[in-house]
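Residue-level structural notes
What follows is each chain in one-letter form.
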Amino acid sequence: MSDWQIPLSDLNYGAAESRAVERVLLSGWLSMGPEVQAFETEFADFIGTRHAIAVCNGTAALHLAFCALRVGNTDEVIQPAVNFVAAANMTVAVGATPVFADITGLEEPTIAPVEIERNISSKTRAVVVMHYGGYPCNMAAIKRLCEKYNLALIEDACHAVGAHYLYSGGNAPVGEMVGNLGDIACFSFFSNKNLPIGEGGMITTNRDDLAQELRILRSHGMSTMTWDRHKGHAHSYEVNTHGYNYRLDEIRAALGRTQLPQLSANNARRKQLVLRYQAKLSSCPGWTIPFQNFAGDSAYHLMVVVAPTTELRSQVAHCLRENGIQTSMHYPCISQFKAFARFAHGNTNKSQLFSSRALTLPLFPSMSTDQVDAVCFNLLDAVERETQRA
Ligand SMILES: *Cc1c(COP(=O)(O)O)cnc(C)c1O
């Protein structure tokens, strides 16, 4: 519950989630165990990857991705300047250097393949892509670059659970699920994501060697798990490498197993709402709606519009707030943060422009079309009044 008339996002939780939590409470086992295992299997089936490894959040997933791919000291990791700060922070955490590449443009605020290529040096080890708002990046071009220069490819797929990428070429375009498009993909199940469980994450990969490494790193570098010892399958363990405790617990895994079967319908509902937003707002003079002509299936995580000026963005956000409508912005350009100033060399002009004008509007599966209409009405009304005043 929130004080907003129309919040930015909202859970779609009901009796099934309560029953799932109760099932775990009655089972007598709270930490990583059978619910986590089942969630991993069900998630891998859904994404179509050989492996899914559950972790405690999306940031831990990114950290383990770098560790398993042996990204570290003196390595450079090319990544988008428009992203949540987690991938950049984890790059620094493993001792590597983030190199920020610019986005394609205001209509397509995902990392530009030409900007990736421009930033490749002898130190480049990996590329991180982020499927902004749930819309897959230009993966055909990016995969070609990673193969050509022998770079690891990590998907920050935290916005994009359930999204499909379409490779065009030949007669019929061929689709592939996000989570299959690089060496490793990282998902988040934070409260406001498309598959919310509070805190949680998942790593997917089709490589057996990486999967094994990731499982060991997730739990202290130990060769056996607590659950196996609890069941009498093992009574001791070896420590083969220096790991972490990034395990997911049974309660959250059970919530994930309850939310996962609802995801496709929720994403389809998000799509309907996004199409309605686009129809109502596309003629707003000077405003840009990213991904309007997107081919493929987005996860429709965010509804973002780009104002003609920074000033108009803040005026409109203010008017919406006065009317009980919550907005946000995704994201400030990372190279402009204080902590990242020492990594801010490259060209990030389009990223800075996007960050200075992007506005995120409410979007969640239980949102009504009347609520979309109310947001649009208030936005258009604010634009008209501000334009007349100017
Ligand atoms: C949410 C998010 C993360 C971090 O996930 P947590 O589960 O909050 O740690 C990383 N990248 C992106 C793009 C995100 O949206």
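Predicted, not measured: the structure shown is a model, and the values here were computed from it.

**Section: the overall build of the protein chain**
Across its full length, the protein chain carries 13 helices and 11 strands. Relative to the 2.2 N^0.38 estimate, which gives 21 Å for 390 residues, the radius of gyration of the protein chain is 21 Å and therefore close to what a compact globule would have. Projected onto its principal axes, the C-alpha coordinates of the protein chain cover approximately 75 × 55 × 50 Å. Each of the 390 residues in the protein chain was classed as buried or not, and the buried ones make up 55%.

**Description of helix H3 (residues 58-68)**
Most of H3 is tucked away: 10 of the 11 residues are buried. Burial in H3 covers these residues: Gly58, Ala60, Ala61, Leu62, His63, Leu64, Ala65, Phe66, Cys67 and Ala68. The opening residue of H3 is Asn57, an N-cap whose side-chain oxygen sits 3.0 Å from the backbone nitrogen of Thr59. Positive backbone phi, approximately 60°, marks Arg70, located one or two places after H3.

**Things to note about the nonpolar core**
Residues Phe43, Val127, Ile142, Phe187 and Leu195 are the most contacted members of the largest nonpolar core, which totals 44 residues. Among the elements of the structure, helix H2 (34-47), strand E1 (51-55), strand E3 (97-101), strand E4 (124-130), helix H6 (139-148), strand E6 (164-167), strand E8 (184-188) and helix H9 (250-259) are those that each provide at least two residues to this core. Beyond its immediate chain neighbours, meaning those up to four positions away, Leu195 contacts Phe39, Phe43, Val161, Phe189, Gly256, Gln259, Leu260 and Leu263.

**So, the site of the ligand**
The environment of the ligand is formed by 14 residues, the closest being Gly58, Thr59, Asp156, Ser188 and Lys193. In the environment of the ligand, an oxygen atom lies 3.0 Å from a nitrogen or oxygen atom belonging to the side chain of Lys193. In the shell around the ligand, the residues fall into 5 nonpolar, 7 polar and 2 charged.

**As for the pairing of strand E9 (residues 201-205)**
Here E9 lies mainly inside the structure; 5 of its 5 residues are buried. Of the two faces of E9, the one holding Gly201, Ile203 and Thr205 and the one holding Met202 and Thr204 are both buried throughout. Two strands pair when backbone bridges link them, and E1 and E9 are joined in this way by 5 bridges, in the antiparallel orientation. Within E9, the position partnered with His51 by the bridge is Thr205. Across 4 bridges, the pairing between E8 and E9 is antiparallel.

**Quick look at the packing of aromatic side chains**
Enumeration according to the criterion identifies 15 aromatic pairs in this entry. Ring plane angle 75° and centroid distance 5.2 Å describe the contact between Phe43 and Phe187, whose orientation is recorded as edge-to-face. Residue Phe43 is located in helix H2, and its partner Phe187 is located in strand E8; the two are separated by 144 residues in the primary sequence. When sorted by exposure, Phe43 lands in the same class as Phe187, which is buried. Aromatic ring contacts, followed pair by pair, group Tyr132, Tyr135, Phe291, Phe294, Tyr300 and Phe354 into a single cluster.

**A few points about the packing of helix H1 (residues 15-27) against H9**
Packed helices, taken two at a time, are described by the angle their axes make and the gap between the axes. Packing of H1 against H9 leaves a shortest axis separation of 9 Å and a crossing angle of 145°. When you trace H1 past H9, the crossing you get is right-handed. Packed against H1, whose contacting residues are Ala16, Glu17, Ala20, Val21, Arg23, Val24 and Leu25, the element H9 presents Glu250, Ile251, Ala254, Leu255, Arg257, Thr258 and Gln259 at the interface. Residues of the contact of H1 with H9, tallied by class, amount to 8 nonpolar, 2 polar and 4 charged.

**A look at unusual backbone geometry**
The bulk of non-glycine residues show a negative phi, and the bulk of peptide bonds are trans. With an omega of 0°, the peptide bond running from His330 to Tyr331 counts as cis. Mapped onto the fold, Tyr331 is located in the loop between helix H11 (310-322) and helix H12 (349-357). With a phi angle near 70°, Thr74 is a residue other than glycine that sits in the positive phi range. Structurally, Thr74 can be placed in the loop between H3 and strand E2 (76-80). By relative accessible area, Thr74 is classed as exposed at 58%.

**Some words on the state of the cysteines**
Per the counting criterion, the structure on display carries 0 disulfides. Of all cysteine sulfurs, the one in Cys186 lies closest to Cys158, which takes part in no disulfide; the gap is 6.7 Å. We classify Cys158 as buried; its relative accessible area is 11%. Looking at the unpaired Cys319, the closest cysteine sulfur is the one in Cys284, lying at 13 Å. For Cys319, a relative accessible area of 11% corresponds to the buried category.

**Observations regarding the environment of His164**
Here His164 lies in strand E6. The spacing of His164 and Glu35 is 129 residues in sequence and 27 Å in space, taken between C-alpha atoms. Aside from chain neighbours lying at most four places away, what touches His164 is Pro136, Glu176, Met177, Gly296 and Asp297.

Thresholds applied
- Residues numbered from 1 in each chain as written.
- Predicted model: local features only at pLDDT ≥ 70, side-chain atom pairs only at ≥ 80, totals over all residues.
- Heavy atoms only, no water.
- Helix = DSSP H or I, 4+ residues; strand = E, 2+ residues; numbered from the N terminus.
- Rg over C-alpha atoms; globule rule 2.2 N^0.38 Å.
- Buried < 20%, exposed > 50% of the residue type's maximum accessible area, 1.4 Å probe, protein only.
- Polar contact = N/O pair within 3.5 Å; in protein donor to acceptor, adjacent residues only side chain to side chain.
- Core = buried A, V, L, I, M, F, W, Y, C linked by side-chain atoms within 4.5 Å.
- Contact = heavy atoms within 4.5 Å.
- Near = heavy atom within 4 Å.
- Nonpolar A, V, L, I, M, F, W, Y, C, P; charged D, E, K, R; others polar.
- Pairing = 2+ DSSP bridges.
- Phe/Tyr/Trp six-rings, centres within 6.5 Å; stacked < 30°, edge-to-face > 60°.
- Axes fitted to C-alpha atoms, helices over the stretch in contact; angles between N-to-C directions.
- Left-handed = near helix turned anticlockwise from the far one by under 90°.
- Disulfide = S-S within 2.5 Å.

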